Structures are given as C-alpha cells and as structure tokens.
Amino acid sequence: MRNPALDAWGDYGRDDPYPLFAQVQANGPVHEVTLADGHRAWLIVRHEEAKAALSHVGLSKDMHAALARDGAVVAEGLPGPAFARHMLSVDPPDHTRLRRLTSAAFSRPRIAALRPRVQAIAGRLLDDLQARGDTVVDLVTGFAFPLPFTVISELLGVPEPDRDHLGNWFTTLLAPSAPEPPAEAVAASANIVRYLTELLATKRATPGEDLVTDLVRAADQDGTLTEQEMLSTIFQLVVAGHDTTTSLIGNGTVALLLHPEQREALVADPALVPHAIEEILRWDAPVPHSTFRYTTQDVALGGTVIPAFAQVIISLAAANRDPARYASPQTLDVTRADTSHLSFGHGIHHCLGARLARLEGVTALTTLHGRFPAMRLAVPRSALRWDHGDGLVLRGLTELPVILGPQGEPPPRP
C-alpha cells in the first residue's frame, strides 16, 4: 500500500524522520510524491539511484528555465527568483563560471589558514557561555549558530556591527512556514535584500580584502557577473555558509551525548574527531534532501521512468542509511571504516564549502566536548525539536539546552 506520507512529503515529523525514510526506502528507490506545499515531485531514496541522480545529465538545476516553462513546477520562495541566479540554481556553463569565481576562497590552503581564527571564535563563544554562569545554556544560539555565521560574515566582509541584525533576519527568513510566509518572514526578506544591495555598493566604493569585494571586482573589470548574480551568490553563500554547519554542530552534539561511550573516546583522543564528523554527517545529514532539480528529458532510475519537466528531490538522509550500501546503517559508529556519504552531494554540484564545514565541525566538537567532558542534555531527547528550516532542504534544532558541567582539562591541539 502507498505510504500516506508520500502525499504530503515534508509534513512528516521532523524530530526523527528516519523510521519513515526506511519504510519508504524499503518500498522502492523512486516514488511519485506531493510535497507539503502542494507541488508534485519525484522522490529518490536509495543510495545507488541518489548518487546517479546527483550527476545525471538529464537533471537540470536551472530554476529560471523551469519557472519559465511551468510556474507550477516549484515554489519560488523568498526572496524570490531574482535571488536564484547562484551556482546551485544554474547549469553549465553559468555554473562553471559562478563556481570558479568563488572557489579560491574555499581552496584547501585558504581553509587551512582559517583554522586559528575558527579556533579563536569557538573559544571566545564558550568563554561567553561559561561567564554567564547559567545552569542551562542553549548551544544553538550561544555556539552552533554564531560560530559559522561569524566565519562566513568575515569571509564576505560583513562589518561586525551589522551581523546581529543580519543573523536575526536570516533566522526569521529560514523558519518554517506554510502555506504562505508570515509577515515577519516577508519583512526579513526585504531587509536582507536591502542590506545585501547596500553591501555591494559599499564594497564598490570602499573595497576590502573579502569575497564580496572579489565579486564586485569581477563584475566591474570584465563583466563576468551581473548584479543579480552577485546578490544571489552572496545570499546563497550566507545561507549555505552557516545554516547547514549550525545543524552539523547541533546534530553532532546530540548524537555524541546520546552515545556516551563514543563521546568519551573522542574526548580522550581528539584526533578521532575528523573521522567521527564523517559518520555524523552520514547518520544525521544537515541537508536531508538536495536542492531543486527537474528533468529535461525522460530519466530512468531504479526501474522507474521519471517524465520530462518534473521536479526531482533526492533524499540524501535516506540514501546515507541505505542497508544496501552500509552495514547496520541505523547505527552511529564513529569508528566505522567506510566514511563515505552523500551529505555534501556528488558531481559538479558537490558542496563548495565542504572543507570549511568540516573545519568548523571538527573545531566545534573538539573544543566543546573536550572543554566540558561532563556536559549533558538538560532535557530528554524526546523534548528536542528540529523545527528550524523547511524540513526538506534545511532541518535543524530550534534550541539545544545542555548543562555544561565543570570545565575539564583543555584537550590537546589536533
């Protein structure tokens, strides 16, 4: 029988969707679904088919082309299609051009050079949490959110006095809403559009050593970028540069607190954390489903033919727990030998910021758990709510109340 969740996909319980994912996966690799917003789509849930779809030439990410052909194929969302001209919503050659302009900022040497700064930010945030003297602290607002948001703000050249406002607007914008966005989300979207437009003008008048200045220079010197592409790219970098890593830190901390023996092993030997991060990414993917794709032709996957001009969503979270790909996939095992996963995607759209996310995740978990080895959840697991985001592309904790406990010996530097 057809699982009723397929007729409102995205409207399932977000706190623990994995039993549902497993049920749907057991019934087949590809399913026709109705999304919670009413749009029709095709859902891919098994690893082999998901990996193939992520790099399939018959799947396009050109949202403007999809909207031009059939406005019913996808909801535009805030701030609207004007902000959908970034590398995640175009195909080659535009994708190649846009990715090349930002790739240098996320190269291996540039990310390695950020390690001391990321460590300093993490240490300062934990100092602030400890200085408050609260018995219970919220790790989302006090640590998991401000760490990556500060890093991406510095990379982009967002002045420090502006970051609180900008962060609050993005938090409001990315809160779940259906079927129509509430007034506060519309206002936050307008504020973000206004601010990013002004930021571009500021960097054009007063260049800095930052990524926004690099984009302005590319646009002004040789016309490589349009104003729309610059605004879209900055918007996408802010979202991708903080929200998913916030979820990685939150999900990772919950996972370790629920598996104390594995957590103790990492505290005892911080060199194990990079390996553990990969298992955490597999076990509880910060991005449960891939971003927008649609078929430009009939596409055969898993014995099913997805018709042309249909929206396709790929469940990375389900694929990462496919029993045909992983032994005991529902089990968190930070010593698992096979650390591969699809959480950063696959193919030409593989996450540009994967190195930065890994650096921030490793730094955050090493510093937090090493500094507070007696830390524990302040509420039962059943009381935690993954209500941030739309539940499809973005799924994160609204808050993570913990009791830090006494400070331990500082962990050795990795």
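Rules behind the numbers
- Residues numbered from 1 in each chain as written.
- Predicted model: local features only at pLDDT ≥ 70, side-chain atom pairs only at ≥ 80, totals over all residues.
- Heavy atoms only, no water.
- Helix = DSSP H or I, 4+ residues; strand = E, 2+ residues; numbered from the N terminus.
- Rg over C-alpha atoms; globule rule 2.2 N^0.38 Å.
- Buried < 20%, exposed > 50% of the residue type's maximum accessible area, 1.4 Å probe, protein only.
- Contact = heavy atoms within 4.5 Å.
- Areas by Shrake-Rupley, 256 points an atom, 1.4 Å probe, with all protein chains shown as cover.
- Lys, Arg positive; Asp, Glu negative; His and termini not counted.
- Charge placed at Lys NZ, Arg CZ, Asp CG, Glu CD.
- Arc of directions from axis to C-beta.
- Axes fitted to C-alpha atoms, helices over the stretch in contact; angles between N-to-C directions.
- Parallel < 35°, antiparallel > 145°, perpendicular 65-115°, else oblique.
- Left-handed = near helix turned anticlockwise from the far one by under 90°.
- Nonpolar A, V, L, I, M, F, W, Y, C, P; charged D, E, K, R; others polar.
- pLDDT = per-residue confidence, 0-100.
- Pairing = 2+ DSSP bridges.

### Some details on the overall build of the protein chain
Summing up its helical and strand segments, the protein chain has 16 helices and 10 strands in all. Scaling as 2.2 N^0.38, a compact globule of 414 residues should have a C-alpha radius of gyration of about 22 Å, and the protein chain matches this with 21 Å. Along the longest, intermediate and shortest principal axes, the C-alpha atoms of the protein chain span 60 × 60 × 40 Å. Taken over 414 residues, the protein chain has a buried fraction of 54%. Excluding contacts between residues fewer than 6 apart, the proportion of contacts in the protein chain whose partners are at least 24 apart in sequence is 72%. As presented, the protein chain carries roughly 17400 Å² of accessible surface, and 55% of it is formed by carbon and sulfur atoms. The average position of the 36 basic charges and that of the 47 acidic charges among the side chains of the protein chain differ by 4 Å.

### Remarks on unusual backbone geometry
With an omega of 10 degrees, the peptide bond between P92 and P93 qualifies as cis. With respect to the secondary-structure elements, P93 resides in the loop between α3 (63-69) and α4 (94-103). Backbone geometry places F309, a non-glycine residue, at a positive phi of 65 degrees. Locating F309 in the fold gives a position in the loop between β7 (304-306) and β8 (311-314). Its identity is not glycine, yet S328 carries a phi of approximately 45 degrees, on the positive side.

### Here we look at helix α13 (residues 260-268)
Within α13, burial applies to Q262, R263 and L266. Down the axis of α13, the buried set is contained in an arc of 100 degrees. They therefore lie on one face. Opposite its buried face, α13 presents the exposed residues E261, E264 and A268, each directed more than 90 degrees away. Taken together, the buried residues of α13 touch α12 (227-258), α14 (273-283) and α16 (354-371).

### A word on the packing of α14 against α16
For the pair α14 and α16, interaxial distance at closest approach is 9 Å and the crossing angle is 110 degrees. For the element pair α14 / α16, the angle class is roughly perpendicular. Relative to α16, the crossing made by α14 is right-handed. Counted together, V273, P274, I277, E278 and I280 of α14 and R358, G361, V362, L365 and T366 of α16 form the full contact between these two elements. Its residues assigned to classes, the contact of α14 with α16 comprises 6 nonpolar, 2 polar and 2 charged.

### Observations concerning the confidence of the model for the protein chain
Averaged over all residues, the pLDDT of the protein chain equals 92, while 96% of them reach at least 70. Here residues 410-414 scores under 50 on pLDDT; set against residues more than four positions off or in separate chains, the count is 6 contacts.

### Considering the pairing of strand β2 (residues 40-44)
Of all 5 residues in β2, 4 are buried, a share of seventy percent or more. Counted along the chain from strand β1 (residues 30-34) to the antiparallel partner β2, the turn is 5 residues long, and its residue G38 has a positive phi close to 95 degrees. Relative to β8, β2 runs parallel, the two being bridged by 3 bridges. Across the sheet, the residue bridging to I44 is I314, located in β8.

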